[in-house]
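# Overview (structure and organization)
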Amino acid sequence: MKQILTPHILEQAQIIWDYMRVGEPIEPADVIIAFGTNDECVAEYAADLMLANVAPYLICTGGIAHVDDLLATGWEISEAEMFQQIALQKGVPADKIILENQAPNTSKNLRFSLPLARAHGLKTDRILFVCKPYSERRIMSTAAIEWRNEPIKYSATSAAGNFADYFHNETE
């Protein structure tokens, strides 16, 4: 069988990975927004940050965005609902989790989550995005457009790890 992921391809992918990770320090926030994906590590990390008192509230955002494609989850519930279940299992109190289960993409995750937070009376001066490592820069760039008129300090983070560890199943 032909090796698809050659050392050269992995080297190039590492460069992209390093660029897409923002790597900002984690600071206290008013709200954590966990961006829906097929990667359950995002929900686990967001829950860990909640339990470490980084923020008092967690918004789980994401609809059923992918069906029958590479990013399909196989879940019968939205990404937000799956993330909520994971956060609850890890010990995040139910009254600290808000669901946004309609967004099909990053732009709508942002567009729908902010008014939802405000409708729940949450302070939104400082928001922490939790996402896949290679989505950090894209989410920050999308927020700069979607929230361009909002006086919000936001940052992005993802679970620690490097490219090889994150994709260990795909690169073996």
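Every value quoted in this text rests on a predicted model; they were computed, and no experiment measured them.

### A word on the packing of helix α2 (residues 40-51) against helix α3 (residues 79-90)
Packing of α2 against α3 brings their axes to within 9 Å, and their N-to-C directions diverge by 45 degrees. Viewed along their axes, α2 and α3 adopt a mutual orientation that is oblique. The handedness of the crossing between α2 and α3 is right-handed. Residues Glu40, Val42, Ala43, Glu44, Ala47, Asp48 and Leu51 of α2 form the contact with α3, whose own contacting residues are Phe83, Ile86, Ala87 and Lys90. Its residues placed into classes, the contact of α2 with α3 shows seven nonpolar, no polar and four charged.

### Section: the packing of aromatic side chains
This model, assessed by the stated rule, comprises eight aromatic pairs. Pairing Trp17 with Phe163 gives two aromatic rings, centres 5.7 Å apart and planes at 65 degrees, and the pair type is edge-to-face. One end of the pair, Trp17, is in helix α1 (residues 7-20); the other, Phe163, is in helix α6 (residues 163-166), and 146 residues separate them in sequence. Per residue, the accessibility class of Trp17 equals that of Phe163, and both read buried. Ring centres 5.5 Å apart and planes at 35 degrees place the aromatic pair Phe129 and Tyr154 in the tilted group. Taken together, the residues span a long stretch of sequence, with Phe129 in strand β4 (residues 126-130) and Tyr154 in strand β5 (residues 153-157) at a distance of 25 residues. Classification of Phe129 by relative accessible area gives buried; the value is 0%. Here the aromatic cluster, defined as three or more aromatic residues joined through ring pairs, consists of Trp17, Tyr134, Phe163 and Tyr166.

Definitions and cut-offs
- Residues numbered from 1 in each chain as written.
- Predicted model: local features only at pLDDT ≥ 70, side-chain atom pairs only at ≥ 80, totals over all residues.
- Heavy atoms only, no water.
- Axes fitted to C-alpha atoms, helices over the stretch in contact; angles between N-to-C directions.
- Helix = DSSP H or I, 4+ residues; strand = E, 2+ residues; numbered from the N terminus.
- Parallel < 35°, antiparallel > 145°, perpendicular 65-115°, else oblique.
- Left-handed = near helix turned anticlockwise from the far one by under 90°.
- Contact = heavy atoms within 4.5 Å.
- Nonpolar A, V, L, I, M, F, W, Y, C, P; charged D, E, K, R; others polar.
- Phe/Tyr/Trp six-rings, centres within 6.5 Å; stacked < 30°, edge-to-face > 60°.
- Buried < 20%, exposed > 50% of the residue type's maximum accessible area, 1.4 Å probe, protein only.

By themselves, these are just geometric observations and shouldn't be taken as functional.
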